[in-house]
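Notes for the structure review
The residues making up each chain are set out below.
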Amino acid sequence: INRWVIRPLFNFLSNFIGSKGIVILFLTIIVKILLYPLTFRMLYSQSKMGALKPRIENMKDKFKDDQQKQQMETMKLYREFGVNPMGGCMPMVLQMPIWFALYRFFPAAIEFRQASFLWATDLSSYDVFVRLPFEIPLGFGAHISLFTVLWAVTTLIYTYYNTKHMDMSANPAMKYMQYLMPIFFLGFFNSFASGLTCYLLFSNLFNIGQTIVTKNYII
């Protein structure tokens, strides 16, 4: 993916754009547009699940003493309205090769060495917004990366907006795990290449806008 897609696209954009940070922005937009069919399917499935949530709640009240009957009637309702409970997950899984490719691309690309953008002085290394007088273990380091913090905050906002209408009563732990994951990854991304965390921040902002427009004006 890096050799035949990401690298040629990056080189093409670099011919016209001097700032590597702006190149990352346009790279994010192009990747998001190419992946939009998968994103649309995910959002469409989530919207259907959200629309059926009141009916499912009524059904649970009606058959609250019979779990098997609840499951049977819920699956019957899903079949009736063409809802795939896994429809919101599969597009995410299919996008994972792109994420892994970008995870490898940003720290390794020589073009990002000493390339500055906003407060980051080197996009191939972590950005330092605040230096700490002590070191936090588990890879966090003695600094705070603003790109990483902003990525975590926008991830929490995106997660809240994207899942507030979803029914997670069958697995309540999953609801809380979605909010805990960005916090867990703070330590990892805080000392990672700021080119990647910059991309992830742009990606989150684009995801939020894409989700609002798709759910409210297209679906």
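It should be noted that the structure appears before, not after, this text.
Residues numbered from 1 in each chain as written. Predicted model: local features only at pLDDT ≥ 70, side-chain atom pairs only at ≥ 80, totals over all residues. Heavy atoms only, no water.

**Structural notes on helix H6 (residues 146-163)**
Because an α-helix completes one turn every 3.6 residues, residues spaced three or four positions apart along the sequence face the same direction. When the terminal C-alpha atoms of H6 are compared, their 26 Å separation across 18 residues agrees well with the 26 Å that a helix rising 1.5 Å per residue should span. All of the buried residues in H6 are Leu146, Phe147, Thr148, Trp151, Ala152, Thr154, Thr155, Tyr158, Thr159, Asn162 and Thr163. (Helix = DSSP H or I, 4+ residues; strand = E, 2+ residues; numbered from the N terminus. Expected span 1.5 Å × (residues − 1). Buried < 20%, exposed > 50% of the residue type's maximum accessible area, 1.4 Å probe, protein only.)

**Here we look at unusual backbone geometry**
The phi angle of most residues is negative, glycine excepted, and most peptide bonds adopt the trans form. The phi dihedral of glutamine 114 falls on the positive side, at around 65°, and the residue is not glycine. For glutamine 114, the location among the structural elements is in the loop between helix H5 (90-108) and strand S1 (130-136).

**Observations regarding the packing of aromatic side chains**
All told, the structure shown has 18 aromatic pairs when counted by the stated rule. With centroids separated by 5.9 Å and ring planes inclined at 10°, the aromatic side chains of phenylalanine 40 and tyrosine 44 adopt a geometry described as stacked. Pair noted here: phenylalanine 40 and tyrosine 44 are both in helix H3 (residues 36-62), with a separation of four residues, about one helical turn. The exposure class of phenylalanine 40 is partly exposed, given its relative accessible area of 28%. For the pair tyrosine 103 and phenylalanine 192, a centre-to-centre distance of 5.0 Å together with 10° between the ring planes defines the contact as stacked. (Phe/Tyr/Trp six-rings, centres within 6.5 Å; stacked < 30°, edge-to-face > 60°.)

**Quick look at a nonpolar patch on the surface**
A contiguous nonpolar surface patch, about 1100 Å² in accessible area, is contributed by Val93, Met96, Trp99, Phe100, Tyr103, Met177, Leu180, Met181, Ile183, Phe184, Phe185 and Phe188. Within the residue set of the nonpolar patch, elements represented by two or more residues are H5 and helix H7 (172-189). Among the elements that line the nonpolar patch, the one with the most residues is H7, at seven residues. Within the fold, phenylalanine 100 resides in helix H5. (Patch = residues over 30% accessible without salt bridge, like charges linked within 9 Å, V, L, I, M, F, W, Y side chains within 5 Å. Areas by Shrake-Rupley, 256 points an atom, 1.4 Å probe, with all protein chains shown as cover. Salt bridge = Lys/Arg side-chain N within 4 Å of Asp/Glu carboxyl O.)

**Things to note about the packing of helix H2 (residues 20-34) against helix H8 (residues 194-218)**
The geometry of H2 relative to H8 is characterised by a closest axis approach of 9 Å and an angle of 45° between their N-to-C directions. On the basis of the axis angle, H2 is oblique to H8. Where H2 crosses over H8, the two elements pack in a sense that is right-handed. Contacts from Gly21, Ile24, Leu25, Thr28, Ile29, Val31 and Lys32 in H2 reach Gly195, Cys198, Tyr199, Phe202, Ser203, Phe206, Asn207 and Gln210 in H8. Here the residues of the contact of H2 with H8 sort into eight nonpolar, six polar and one charged. (Axes fitted to C-alpha atoms, helices over the stretch in contact; angles between N-to-C directions. Parallel < 35°, antiparallel > 145°, perpendicular 65-115°, else oblique. Left-handed = near helix turned anticlockwise from the far one by under 90°. Contact = heavy atoms within 4.5 Å. Nonpolar A, V, L, I, M, F, W, Y, C, P; charged D, E, K, R; others polar.)

**Some words on the packing of helix H1 (residues 2-14) against H2**
Packed helix pairs are specified by the crossing angle of their axes together with the interaxial distance, meaning the distance between the axes. At a minimum axis separation of 10 Å, H1 and H2 run at an interaxial angle of 130°. Classified by the interaxial angle, the pair formed by H1 and H2 is oblique. Of the two possible hands of crossing, H1 and H2 adopt the one that is right-handed. Every residue of H2 that contacts H1 at Ile6, Leu9, Phe10, Leu13 and Ser14 is listed here: Lys20, Val23, Phe26, Leu27 and Ile30. Its residues placed into classes, the contact of H1 with H2 shows eight nonpolar, one polar and one charged.

**Here we look at the nonpolar core**
By size, the foremost hydrophobic cluster in this structure holds 32 residues, and its most contacted members are Ile24, Phe106 and Phe112. For this core, the secondary-structure elements that each account for two or more residues are H1, H2, H5, H6 and H8. Tallying contributions element by element places H8 first for this core, with six residues. With sequence-adjacent residues up to four places away left out, phenylalanine 112 is seen in contact with Phe10, Lys20, Ile24, Phe105, Phe106, Asp122, Leu123 and Ser124. One finds Leu52, Ile56, Leu77 and Tyr78 within the second-largest nonpolar core, a separate group that totals seven residues. (Core = buried A, V, L, I, M, F, W, Y, C linked by side-chain atoms within 4.5 Å.)

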